[in-house]
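Remarks on the overall topology
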Amino acid sequence: MSRCASSRTTGRRVRVKLRGFGHLPRTALVCLVAAAAGLSLPAAGAHARPAKPTALQPVAASTVRQGASLTKTGTDVQSGSTTTAGHGDTVRWVASYTNPNDNLAAARITDPIQGAGTAQTYVPGSLQAPPGFTKQWSTDNGATFTTTDPGTATNVVQATNPLLTSPATGLATPLPAPFGTIASTGGDGFTPILFTATINGQPVREAWNIFHHDLAGGPARVVCTDLDTSGPCPAPSGAATTWPKPLNSSTAGGTTGDLNNTFVPTYVLMGSRLLYPGTTDGSTSPARIGVGCIDLQSQSSCGFTQLLSTAGVTTLSGVVLAPNGKVYGAASNGQIVCEDPNTNTPCAGQPYSVGLPTSRIGFANDTTGALDVINGQVYITETADSDGSSRLACLDPSTNGTCTGWSTPRTVATTTGGNTSFLLNVFADRNTAGTETGVCTIVGAITPAVTPAQGTPVCFDFAGSVLAAPPGLQTLVSTNLTGGDTLYSPPETITAANGHVASYFPFWSHAGANNASTTYCWDWTTAAACTGFGSPDGVLDGPPSVNGGNTRPYGYAFDGQCLYGLGDASFLFSFDPGTGAAPCLRTTAITVLNAPAFYCDSQTGHVRSYGTVGLGAIDPSTVNFAESSVTVENSSGTVLGTFPFDPTTRTADISSVPISVSPITVLTHIALINTSSFTPTNQPQVIVTFAGDSPQLCFETTVANDCSVTSISDQASITLGTAAPVSSNTVTLQITPGTACTPTLTVLKQICLSDDAADCGKGGSGPWGKKTTLQRQDDGSECDHHGCDNHGHKLCDRKTCTAYWRITVTNTGGVDITGITLNDRKEASCVAAAGTFDLAAGQSTKFFCSSRITKDTTNKVTASFVPPNSPPGTPPVTTAPSSATAKCPPPCRHDECHKDHRQAADDQPSGNDNTDDKRAPGMDVITTAAWRTPAAPPSPKAL
């Protein structure tokens, strides 16, 4: 059920379909082509709507008593770490904020990107701000800001909210001042068309007026009024535009008007398309009649569907939407035309006949009649051209033929003085439960010479039999008859604030004071005139506050709070459906609350429940809380609940709405006692809250692929009003080097292949290898005849070998490494030679050391270091080991010391790995000296 609970059949008129301006989000405006003649509305832009409300009197700087709270976090998107990130990684920065004050406050969150363009770079499009905030970017370190994302050049991001709620989990929406009166809409309008458009991202209440029966006028025939500012509607972007605009049959972009509207127009709204009865302006003969379309957001015509082009057929009496989804209209030749609005094509077999003759051509060569959908059938009234009789017919949309029992139209009124009777209305008869029980129309005429008399309700049941009209209705609607022409237009039927179903009948006559401008209210629930409406009950003249009471009303529309009227006097006005007071001191704020949108850290569970609806910047003594309420709908327009205001807390509790439903549309209906809180410097607000974590502002940066970047940091600040900024904590993420920046260290251990120390030190020629066999060397003692050969060479007492080592350390990575040490268990001299040293990326260094060994020795070495930019306590990294082997031959036995010195002379190690060896290929070559076998001693002589 729609928010206004209108009892009209769906699709009868656009004002019925719109019911409270339609379900959000509806982005609709009529943009019809080029501007035409001016009108007496305020100049375009005179009431320009700001993108956001900028003034809130009660929230001065002095009311900001506490400093705001702002907490900062940073997360590596790839790893999820909140302490480290990698080169080239994306980091999401999140600022969580609160407003600890008890009122709305202007807020500004500013976040300079530390090291922007060097250490980290802003990710274009990543700035996210909660609803109510305006996002801003700077490329000059905050000197100036723009509302357009400049991309990677950004070095400061900012978000501002003129109405930050307390504690921040909520949304503030301007409460529009009640609509007053527009002195002239620029044309003779029949029925206001209410709509909620989206202007610069905000819902805006609008009333449209298509000038009626303007068959020979100029091209500018449609005008839009902003009900929140009482000025002309702006363009969807918020820019000023000129009204009125023309109606045209092109699909888009037409610049001239070639369509007209009819005398008693009824409209259909489907999505963002407004369908209206259209006819060509006389430029073609015969005229083309059909359904025109206005797209209510794109500001362009959405075309025209021609349904008839027959000589003598000039207009349609309106269009209605039937339950079968088709749009029907009654042509002036009595035929019923039909359009399929889904395809914008004529229905198969149309036009259809229900037995109506050609209609009498009345005002401005326009037909006089009306139609509506009641009990699923299309009822049509028409004034016949031949005898002046007025008739009522019925079309069954399921068969496109006459309704059961309605094979011929019913004659409603006849005349004795010519073509003087007409029926400009048709409406449902109802019982006290509000259920439709029949169909009625009220007789109107140019002169009193009609039967039955002017102001007589005539009713039939759905089978076509005469039905007694509600007792008292005729007495009510004939109160102001003065003998002149009487125009009873279609009533607007609503469910009033007291729960009663009531119909409001517009009436006026050329005779009498103020053209007898009157509204009659009939309460179907009590089957009597509406109590308390006008004086006497059920009769409202004027209203007297509008043009001295000379309103000459044609039609009304209901937004759930107020009735809006248009008429022959070209005034757009409002009045209270309960009392008739004008203007209507009721207003509605529309708030779309999407609680999850207040968070941007990609986590769930932030929102716990919906909260309350309250008012800000308003004197509570000016509000009638007992008659105010809140309606909550889901995104499809389904009502989730209606909630009263607690007169003590002055809030409405909506916490029972499931938090799983999001977003929700909150319609806050406020009944005012007076409008003293609405001033040029103060804008009352509706505040819708929810319970949840502190809302968030987020953006992302990319860590530079620069190995010199070892950490990135961020700190933001928030300002409430004119108070001093409050800084957040500073967040620092250490940078773990990426592939190109990972420290890589290698070590190479080698043995000198020469026994000459001069070859084995720094600058020596080596050569160097991984294995060699060394000579045992003299320990420095003198020879004796037991240990020396014939030439004094010491042979058997050589006790040690000297190994000369070289260690090469290379930094093969892309970052410098500091604090490197060597690990060599067998030779401390090597470790001591290196000590602690540093190596730049791509550099290497060599260390030389030696050791005296007595046996074959394999020596391993590793290098250790703590990776650059590691947090404190990080253990060292140790390289893979590298080894070299030195062989030291075993010493000889003393009994071999006196072997032939020539053998000793041949006992020399090769000193390199490149001599022949009998081991497998690839093995280090060690050459071992050959010892000659001594000659056998002489045999002993015999004794």
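Residues numbered from 1 in each chain as written. Predicted model: local features only at pLDDT ≥ 70, side-chain atom pairs only at ≥ 80, totals over all residues. Heavy atoms only, no water.

A closer look at the environment of A691
Position of A691 relative to the elements: it lies in strand β51 (residues 685-692). In this structure the C-alpha to C-alpha distance between A691 and G170, which are 521 residues apart in sequence, comes to 8.5 Å. (Helix = DSSP H or I, 4+ residues; strand = E, 2+ residues; numbered from the N terminus.)

A few points about a positive patch on the surface
On the surface, a cluster of positive charge is contributed by R825, K826, K855 and K860. Locating K826 in the fold gives a position in the loop between β62 (817-823) and α3 (828-834). Exposure remark for K826: the relative accessible area of 57% places this residue in the exposed category. (Patch = residues over 30% accessible without salt bridge, like charges linked within 9 Å, V, L, I, M, F, W, Y side chains within 5 Å. Areas by Shrake-Rupley, 256 points an atom, 1.4 Å probe, with all protein chains shown as cover. Salt bridge = Lys/Arg side-chain N within 4 Å of Asp/Glu carboxyl O. Lys, Arg positive; Asp, Glu negative; His and termini not counted. Charge placed at Lys NZ, Arg CZ, Asp CG, Glu CD. Buried < 20%, exposed > 50% of the residue type's maximum accessible area, 1.4 Å probe, protein only.)

Considerations on the nonpolar core
Residues Y97 and I712 are the most contacted members of the largest nonpolar core, which totals 32 residues. Breaking this core down by element, the ones donating at least two residues are β3 (90-98), β4 (105-112), β7 (156-164), β52 (696-703), β54 (717-720) and β56 (731-736). The greatest single-element share of this core, amounting to four residues, is contributed by β3. Residues within four places of I712 in sequence aside, it is in contact with V91, W93, A119, Q120, V703, V731, T732, L733 and I735. (Core = buried A, V, L, I, M, F, W, Y, C linked by side-chain atoms within 4.5 Å. Contact = heavy atoms within 4.5 Å.)

Brief notes about unusual backbone geometry
The peptide bond linking W243 to P244 adopts the cis configuration, its omega dihedral lying at 0°. With respect to the secondary-structure elements, P244 resides in the loop between β13 (231-232) and β14 (245-246). The linkage connecting S535 with the following residue, P536, adopts the cis geometry, with an omega of 0°. Mapped onto the fold, P536 is located in the loop between β40 (528-529) and β41 (539-541). Even without a glycine there, the phi angle at A168 is positive, about 135°. The residue A168 is located in the loop between β7 and β8 (170-174) in this model. Given a relative accessible area of 1%, A168 falls into the buried group. Unusually for a residue other than glycine, S230 sits at a positive phi of about 60°. Among the structural elements, S230 can be located in the loop between β12 (220-226) and β13.

With respect to the sheet that holds strand β43 (residues 563-567)
Remark on secondary structure: sheet strands pair via backbone hydrogen bonds, oriented parallel or antiparallel. Strand order across the open sheet formed by four strands is β9-β44-β43-β42, with antiparallel pairing between neighbours. Looking at the sheet topology across the chains shown, the edges are occupied by β9 (181-182) and β42 (553-558). Bridge analysis of β42 against β43 gives five bridges, and the strand direction is antiparallel. Of the residues in β43, the one forming a bridge with G555 is L566. (Pairing = 2+ DSSP bridges.)

Things to note about the sheet that holds strand β49 (residues 652-653)
Pairing in this open sheet of four strands is antiparallel, and the strands run β8-β51-β46-β49 from one edge to the other. A single partner strand is all that each edge strand has here, and the edge strands are β8 and β49.

What to know about the pattern of salt bridges
Following the criterion strictly, the structure yields twelve salt bridges and no others. Here K72 makes a salt bridge to D714, at a shortest N to O gap of 2.9 Å. Of the two residues, K72 sits in strand β1 (residues 69-76) while D714 sits in strand β53 (residues 711-714), which places them 642 residues apart along the sequence. Overall, D714 belongs to the buried group, its relative accessible area being 1%.

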